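One-letter residues, chain by chain:
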Amino acid sequence: MGEYKQMYINGEWVSAESGETIQIVNPATGEVVGSAAFGDDRDAKKAIEAAHEAFGSWSRLTARERSKYLYTLSELVKKSRDELAGIISAEMGKPLGEAKGEVLGAADNFVWYAEEAKRVYGETIPSSVPNKRIMVLRQPVGVVGAITPWNFPVNMVARKIAPALAAGCTVVLKPAEATPLSAIRLFELIEQAGFPKGVVNLVIGKPELIGQEFIENPKLSKIGFTGSTRVGKLLMEGAAKQVKRVSMELGGHAPFIVFPDADLDAAVKGLFESKFRNSGQMCICTNRLYVHEDVADAFTEKLVERLKRAKVGDGRLKETEIGPLVNERALNKVLEHIADAKEKGGQVVYGGSRLTEGEYANGFYCEPTVITGVTEAMKISQEETFGPVVPLVRFTDEAEVVRQANNTRYGLAAYVYTRDNQRCFRMAEQLEYGIVGINDGAPTQTQAPFGGFKESGIGREGGRYGMDEYLETKFVSFGI
Ligand code: ADP
C-alpha cells in the first residue's frame with residue numbers, strides 16, 4: 001500500500017490543517033503506491049509566512065554560502081538516482097531509464113545554479129553628469145510560489161527551485177497531485193542538505209485554493225508555473241492584481257518537418273524521441289509531423305518499423321520503451337483525438353486503440369499510433385494531444401509548410417530535418433518557436449534557455465536566462 005508522507009513547512013514534516021490525505025495510484029497497474037497529506041490555502045499561508053521569515057537571512061548569505069547548499073543537494077540527488085527514479089516511475093508510469101535521466105537532469109540543475117549563484121553581476125554605467133554615479137544591482141525578487149506538473153515531477157521542481165534559491169529567493173513548492181511522492185523524497189534530501197528552516201517549503205493539496213493563496217498573499221512576490229495554458233492564464237490574471245512577477249511554461253504544439261534531403265533514419269530517431277518519450281506527455285512533444293511528398297512513403301515505412309519494435313508496458317520493467325498515460329482522463333483525451341481524426345477522414349496506419357488485455361488490463365495504455373491524411377480542421381492539429389500519436393501531413397512547398405507550422409497559438413518547440421545549410425538558417429529564423437531543434441529531436445539542456453513564444457509562456461528556464469527570472473534590477477544613483 002505504501003507509506004503515508006507529510007508536507008514540509010518551516011523545516012518540519014506536517015500533516016494538512018484539514019487532516020485530509022490523498023492516495024497516489026500507479027497508472028501502469030492501478031495499485032495504490034502511497035499516500036500524502038493533502039492541504040489547502042491554510043497550509044500554503046503557513047508556508048509563505050515561513051518563507052517570508054527566512055528570506056532576510058537567506059538573501060543576505062553570500063552567494064558562495066548559498067552555492068554550497070545547492071552543491072550538497074546535487075550530490076545527494078545523484079546518489080539517490082535509482083530510488084528517486086523508482087518513485088517517479090511508480091507514480092506516473094515513465095520508463096525507469098527515462099526517470100533516471102530525469103533525476104540526473106535535476107542534479108545537473110542544482111549544480112549548474114550552484115555555480116550560477118556566484119555570477120549574479122551588477123553593472124556601473126557612465127553618467128551624463130560629473131557629480132553622479134550610476135550603479136545597477138541585481139537582487140532576489142522575494143518569496144517564490146512554484147507550481148509544477150506531473151510529467152517531470154523531479155526535474156520541473158529542480159528547474160524552478162535551483163535558480164530561485166541561487167538568486168537568494170525562498171520558495172514554496174506545490175507539486176502536482178499525481179506525483180507528490182517524488183517531490184517529498186526530494187524534500188527529504190533538501191532537509192538532509194541542511195537548508196535553513198523556511199527556505200524551501202513543500203505544500204501538497206487543492207490546486208485552486210493554494211493557487212489563490214499564492215495570488216492573494218502579498219508576502220509572495222513571484223509565481224513560477226509549468227502546466228496547461230488554461231491554468232497559466234488564470235494565474236497570470238490573478239497575479240496581475242498585485243503586479244506579481246510570473247514565469248510561465250505552458251502548452252505546446254510542436255511541428256516536426258522532414259525535408260526531402262533529410263537523413264531519414266536520423267529523422268525517424270529524432271521523431272521517436274520527440275514524440276514517444278514520456279509516452280508523448282511533454283510540452284515539447286511533436287504534435288504535427290510534416291513530411292515532404294517525395295519521402296513520405298519511405299519515412300512512414302521506417303517509422304512503422306520502429307514502432308513495431310517499441311515495447312509498451314509498465315515503466316518499472318527494463319524492456320519498456322513506452323509507458324502508460326498518467327491517468328484515465330489523459331488516455332480518454334488521446335482516444336478522443338484519434339476518433340475525431342478518423343471521423344474527419346484521417347487513416348490510422350498503425351495502432352489507434354487502447355491496450356486492454358493481459359498486462360495492460362489495469363493500466364491506462366494507448367498503442368503508439370500513426371495517422372495519415374491529417375488536416376488543419378482536426379482536433380489533433382489544434383489542441384495538445386499529450387499522447388503517443390503521430391499525425392502525418394504531406395507537403396510539397398517550403399513556404400507553405402512554414403505557414404502551417406506557425407499556424408497555432410502555441411510556440412514552444414519545433415523540429416526540422418534537412419541537410420541543406422541555407423534551409424537550416426531559414427527555418428531557424430522563420431519558425432515562431434522558443435526552441436528549434438535542427439536535426440535534433442531532444443534539444444533540452446540545463447544551460448540552454450527553455451521557453452515559449454505566443455501562448456506557450458513567458459520567461460525562460462535554464463542557464464543564465466533561468467536566473468534572470470528570479471532577480472530584480474535596481475538602479476542606484478549616487479550623488480557625489
Ligand atoms: P495538467 O492538465 O497537465 O495536469 P495543469 O495545468 O492542470 O496541467 O496542472 C499543472 C499544475 O497546476 C499542477 O500542479 C496542478 O495541481 C496545478 N493547478 C491546476 N489548477 C490550478 C489552479 N487553478 N491554480 C493553481 N494551480 C493549479
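Since we're looking at a predicted model, the values are computed, not measured.

Caption draft 1: Representation of the side chain of Ser67 within the structure. Turning to its location among the elements, Ser67 is positioned in helix H2 (residues 63-79). One polar contact links the side chain of Ser67 to the main-chain carbonyl oxygen of Ala114, over a distance of 2.7 Å.

Caption draft 2: Highlighting the pairing of strand E4 (residues 21-25). The alternating pattern of E4 places Ile22 and Ile24 on a buried face, while none of Thr21, Gln23 and Val25, on the opposite face, is buried. Across 5 bridges, the pairing between E4 and strand E5 (residues 32-37) is antiparallel. Its bridge partner being in E5, Ile24 is matched across the sheet by Gly34. Hairpin connection of E4 to E5: 6 residues between the antiparallel strands, including Gly30 at a positive phi of 80 degrees.

Caption draft 3: Representation of the pattern of salt bridges. Per the counting criterion, the structure on display carries 36 salt bridges. Across the salt bridge formed by Arg316 and Glu31, the nearest N and O atoms sit 3.2 Å from each other. With Arg316 in the loop between helix H10 (293-308) and helix H11 (328-343) and Glu31 in the loop between E4 and E5, this residue pair connects regions lying 285 residues apart in the sequence. We classify Glu31 as partly exposed; its relative accessible area is 37%. The salt bridge involving Arg394 is made with Asp297; its shortest N-O contact spans 2.5 Å.

Caption draft 4: Quick look at the UniProt feature "domain: Aldehyde dehydrogenase" (unreviewed entry) in the protein. The UniProt entry lists residues 13-476 under the feature "domain: Aldehyde dehydrogenase" (unreviewed entry), expressed in the numbering used here. As annotated, residues 13-476 has a helix share of 41% and a strand share of 21%, and its two end C-alpha atoms lie 42 Å apart.

Caption draft 5: Structural view of the sheet that holds strand E13 (residues 254-258). Taking strand neighbours across the sheet as the criterion, the 7 strands line up as E15-E18-E19-E14-E13-E20-E21 in an open arrangement whose pairing is mixed. Since the sheet does not close on itself, it has two edges, and those belong to strand E15 (347-350) and strand E21 (435-438), each with one partner. Pairs of neighbouring strands in the sheet enclose a mean axial angle of 25 degrees, with direction left out of account. By the bridge criterion, 3 bridges tie E15 to strand E18 (residues 369-372) in an arrangement that is antiparallel. Considered in E18, the bridge of Val348 is made with Ile371. Strands E13, strand E14 (286-292), E15, E18 and strand E19 (389-395) of the sheet are contacted by H10, whose axis makes an angle of about 135 degrees with E14.

Caption draft 6: A look at the sheet that holds strand E6 (residues 123-125). One open sheet holds the 3 strands; their spatial order is E6-E7-E23, and the pairing between them is antiparallel. The open sheet has two free edges, formed respectively by E6 and strand E23 (471-479), since each of these has just one partner strand. Geometrically, the sheet is characterised by an average inter-axis angle of 25 degrees between neighbouring strands, direction not taken into account. In terms of strand pairing, E6 meets strand E7 (residues 132-140) through 3 bridges, oriented antiparallel. Bridge pairing in E7 links Thr124 to Met135.

Caption draft 7: Spotlight on the UniProt feature "active site" (unreviewed entry) in the protein. According to UniProt, the feature "active site" (unreviewed entry) maps to Glu249 and Cys283 in the numbering used here. These residues run over 35 residues, yet every pair of their C-alpha atoms falls within 8.6 Å of each other. With respect to the helices and strands, Glu249 occurs in strand E12 (residues 245-249). Positionally, Cys283 belongs in the loop between helix H9 (264-276) and E14. Of the residues examined, Cys283 reaches a relative accessible area of 11% and is grouped as buried.

Caption draft 8: Looking closely at the side chain of Arg66. With respect to the helices and strands, the residue Arg66 is situated in helix H2. In this structure Arg66 is buried but unpaired, with Glu65 as the nearest side chain of opposite charge at 7.5 Å. A polar contact is formed between the side chain of Arg66 and the backbone oxygen of Ser59, at a distance of 3.3 Å. Sequence-distant contacts of Arg66, that is, excluding residues within four places in its chain, are made with Trp58, Ser59, Leu61, Leu165, Ala166, Ala167 and Gly168.

Caption draft 9: Quick peek at the packing of helix H13 (residues 398-406) against helix H14 (residues 421-430). Look at H13 against H14: their axes get within 11 Å of each other, and the N-to-C directions meet at 30 degrees. The angle between H13 and H14 places the two elements in the roughly parallel class. In terms of crossing hand, the pair formed by H13 and H14 is right-handed. Across the interface between the two elements, Glu398, Val402 and Asn406 from H13 touch Arg423, Arg426, Met427 and Gln430 from H14.

Caption draft 10: How the structure looks around the nonpolar core. Counting 107 residues, the largest nonpolar core has Val77, Phe110, Leu165, Phe195, Val200 and Phe214 as the members making the most contacts within it. Here this core gets 8 residues from one element, more than from any other, and that element is helix H5 (residues 155-167). Counting only domains with at least three residues in this core, you end up with domain 1 (4-250 + 456-479) and domain 2 (254-438). Leaving out residues up to four positions away in the same chain, Leu165 has contacts with Trp58, Arg66, Leu70, Val171, Phe195, Val199 and Val200.

Cut-off values and rules
- Residues numbered from 1 in each chain as written.
- Predicted model: local features only at pLDDT ≥ 70, side-chain atom pairs only at ≥ 80, totals over all residues.
- Heavy atoms only, no water.
- Helix = DSSP H or I, 4+ residues; strand = E, 2+ residues; numbered from the N terminus.
- Polar contact = N/O pair within 3.5 Å; in protein donor to acceptor, adjacent residues only side chain to side chain.
- Buried < 20%, exposed > 50% of the residue type's maximum accessible area, 1.4 Å probe, protein only.
- Pairing = 2+ DSSP bridges.
- Salt bridge = Lys/Arg side-chain N within 4 Å of Asp/Glu carboxyl O.
- UniProt positions renumbered as here; feature names shortened; annotations may be inferred.
- Axes fitted to C-alpha atoms, helices over the stretch in contact; angles between N-to-C directions.
- Contact = heavy atoms within 4.5 Å.
- Lys, Arg positive; Asp, Glu negative; His and termini not counted.
- Parallel < 35°, antiparallel > 145°, perpendicular 65-115°, else oblique.
- Left-handed = near helix turned anticlockwise from the far one by under 90°.
- Core = buried A, V, L, I, M, F, W, Y, C linked by side-chain atoms within 4.5 Å.
- Domains from an automatic or database assignment.

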